[in-house]
Amino acid sequence: MHLSIRHETLYRYTEPQAYSIEQLHLTPRAEPQQQVLSWHIATPGHCAAYVDAFGNASHMLTLNAPHDAVRIVVEGIVATVPLPGGRLRAHDSLPPLIFTVPTSLTRPTALLADVASASLPALGNKVGTDDLLRLAAHIRGAVAYQTGATHVASTAAEAMQLGAGVCQDHAHIFLACCHAHGIPARYVSGYIDPGSTGHAASHAWVDAWVEDPDFTGWVSIDVTHAHLMTDGYCRLAIGRDYESAAPVRGMRRGGGDEIMRVEAQIVPVQ
């Protein structure tokens, strides 16, 4: 499948800002399951490319002159391939065990440990794809998709207790449950062909380590929809949680209020 992608992030400020810095994960990862056919990033200020600790193609955007808006636009075409069983083809240089360490957003609580135990095999047993899909379905049933119910700093425990959240929260809860059982799992940010799902085209899901009878490795799971990743997905970044894989994340120096608008369009093309 070929996905035509356009993603615009616009910040507007009620007062001029003296300085802004933004970390961008807005370039699709170089992986066997996807190939970037064309890609362009347009930003103001100085935009320096680098590769972060997780192997993500990244940029650091800095603006040193007074400004009252920041507009970031990326667009291009990415070719994807089917993923039988959601199994990733990538051979990572990072050991899976680094993705067993909880973060402040994915720390398992007693409630989350109970959620994990309700769906996963007992501690110490092998965990397969079906087990993880059962966990994803449990989370989807317990945490309704509700825009505005949480914010970017909401933890997995908070979203679970609230019973509402967005794809970021679903991913964090899944990660926390995996951490409670010592299962390597990581956050994925990217895009999804929305089709008729009704959810935003900019999306978040997870990779988890499985030991199936015929496969050991990473399987990619969309917790929000409780199904495996397909060729309708484009992967931007991986990390331990939202903070390490967010498409745009930064800070500014200046007063006033900030208004952010994000528009993403993902269209399958021939």
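As a convention, each chain's residues are numbered from 1 in the sequence order in which they are written. In keeping with the model being predicted, local features are shown solely for residues with a pLDDT of at least 70 and side-chain atom pairs are shown and tallied solely at 80 or more, while totals for entire chains, interfaces and linings include all residues. The side-chain numbers reported here are obtained from all heavy atoms of the structure, hydrogens and water having been left aside.

Caption draft 1: Looking closely at the overall build of the protein. Only DSSP runs of H or I reaching four residues or more are called helices, and only runs of E reaching two or more are called strands; each is numbered from the N terminus. Along the backbone of the protein there are five helices and 15 strands. Here the C-alpha radius of gyration of the protein, 19 Å, is about what a compact globule of 270 residues would show, namely 18 Å. Along the first, second and third principal axes, the C-alpha set of the protein runs to 55 × 40 × 35 Å. Only protein chains enter the area calculation, which uses a 1.4 Å probe; residues under 20% of their type maximum are buried, those over 50% are exposed, and those in between are partly exposed. Per-residue burial for the protein yields a buried fraction of 50% across its 270 residues. By the convention used here, residues are in contact when the closest approach between their heavy atoms is within 4.5 Å. Excluding contacts between residues fewer than 6 apart, the proportion of contacts in the protein whose partners are at least 24 apart in sequence is 73%. The accessible surface values rely on the Shrake-Rupley method and a 1.4 Å probe; as for residues, cover is taken only from the protein chains in view. Roughly 11,900 Å² of accessible area belongs to the protein as shown, and the carbon and sulfur atoms make up 54% of that amount. Charge counting treats Lys and Arg as positive and Asp and Glu as negative, with His and both chain ends excluded. By convention, charge coordinates are those of NZ in Lys, CZ in Arg, CG in Asp, or CD in Glu. A gap of 2 Å separates the mean positions of the 17 positive and 25 negative side-chain charges of the protein. Atoms counted for the radius of gyration: C-alpha only. Globule rule: 2.2 Å times the number of residues to the power 0.38.

Caption draft 2: Representation of the sheet that holds strand 12 (residues 227-228). Spatially, the five strands line up as an open sheet ordered 12-11-10-9-13, and their pairing is antiparallel. Each having just a single partner strand, strand 12 and strand 13 (233-239) make up the two edges of the open sheet. Set on the sheet, helix 2 (residues 129-142) makes contact with strand 10 (202-212), strand 11 (215-222) and strand 12; between it and strand 10 the angle comes to about 145 degrees. In this analysis, strands are considered paired if DSSP registers two or more bridges between them. Structural elements are reduced to axes, namely lines fitted to C-alpha atoms, with helices fitted over the stretch in contact, and the angle between N-to-C directions of any two is expressed from 0 to 180 degrees.

Caption draft 3: Here's a closer look at the sheet that holds strand 5 (residues 57-63). Sheet architecture is open: four strands sit in the order 4-5-2-14, paired in antiparallel fashion. The sheet terminates laterally at strand 4 (46-51) and strand 14 (248-253), the two strands that pair on one side only. With direction set aside, neighbouring strand axes in the sheet form an average angle of 15 degrees. As paired strands, strand 4 and strand 5 are joined by six bridges and run antiparallel to one another. Paired with Ala48 across the strands is Met60, a residue of strand 5.

Caption draft 4: Structural view of the pattern of salt bridges. Salt bridge, as used here: a side-chain nitrogen of Lys or Arg that lies within 4 Å of a carboxyl oxygen of Asp or Glu. All chains considered together, the criterion is met by 15 salt bridges. Across the salt bridge formed by Glu75 and Arg6, the nearest N and O atoms sit 3.9 Å from each other. Of the two residues, Glu75 sits in strand 6 (residues 67-80) while Arg6 sits in strand 1 (residues 2-17), which places them 69 residues apart along the sequence. What makes Arg6 partly exposed here is its relative accessible area of 27%. The salt bridge partner of Arg186 is Asp92, with a shortest N-O separation of 2.8 Å.

Caption draft 5: Looking closely at the packing of aromatic side chains. Here the aromatic set is Phe, Tyr and Trp, taking the six-membered ring for Trp, and pairing holds for ring centres within 6.5 Å; pairs whose planes are under 30 degrees apart are stacked, those over 60 apart are edge-to-face, and all others are tilted. The tally for this structure, following the rule as stated, stands at five aromatic pairs. Ring geometry for Phe99 against Trp218: centres 5.9 Å apart, planes inclined by 80 degrees, an arrangement best described as edge-to-face. Of the two residues, Phe99 is situated in the loop between strand 6 and helix 1 (110-119) and Trp218 in strand 11; the sequence distance between them amounts to 119 residues. Plain terms: the ring middles of Trp205 and Tyr233 are 5.0 Å apart, the flat faces sit at 75 degrees to each other, and that makes the pair edge-to-face. Here Tyr233 lies in strand 13 and Trp205 lies in strand 10, a separation of 28 residues in the sequence. Neither Trp205 nor Tyr233 differs from the other in exposure class; each is buried. Through successive ring pairs, a cluster of aromatic residues spans Phe54, Phe99, Trp209 and Trp218. Above the face of the Phe99 ring, Arg186 is positioned so that its terminal group lies 5.6 Å from the ring centre. The cationic tip of Arg186 hangs over the ring face of Trp218; the distance from NZ or CZ to the ring centre is 4.0 Å. Working rule: Lys NZ or Arg CZ, within 6 Å of ring centre, within 35 degrees of ring normal, means a charge sits over the ring.

Caption draft 6: Seen up close, the nonpolar core. Definition of nonpolar core: a set of buried residues of the types Ala, Val, Leu, Ile, Met, Phe, Trp, Tyr and Cys, connected through side-chain atoms within 4.5 Å. Ranked by size, the top nonpolar core spans 39 residues in total, and within it Leu132, Leu135, Ile173 and Phe174 carry the most contacts. Sorting the residues of this core by element identifies helix 1, helix 2, helix 3 (156-162), helix 4 (167-180), strand 9 (185-192), strand 10, strand 11 and helix 5 (242-245) as the ones contributing at least two each. Here the element with the most residues in this core is helix 4; it accounts for eight residues. Among the nonpolar cores identified, the runner-up in size contains 18 residues, and Tyr13, Ile72, Cys234 and Val248 belong to it.

Caption draft 7: Quick look at the side chain of Ser220. On the secondary structure map, Ser220 appears in strand 11. Given the relative accessible area of 0%, Ser220 is considered buried. Ignoring any residue separated from it by four or fewer positions in sequence, one finds Ser220 in contact with Gly86, Leu88, Trp205, Val206, Asp207, Leu228, Met229 and Arg235.

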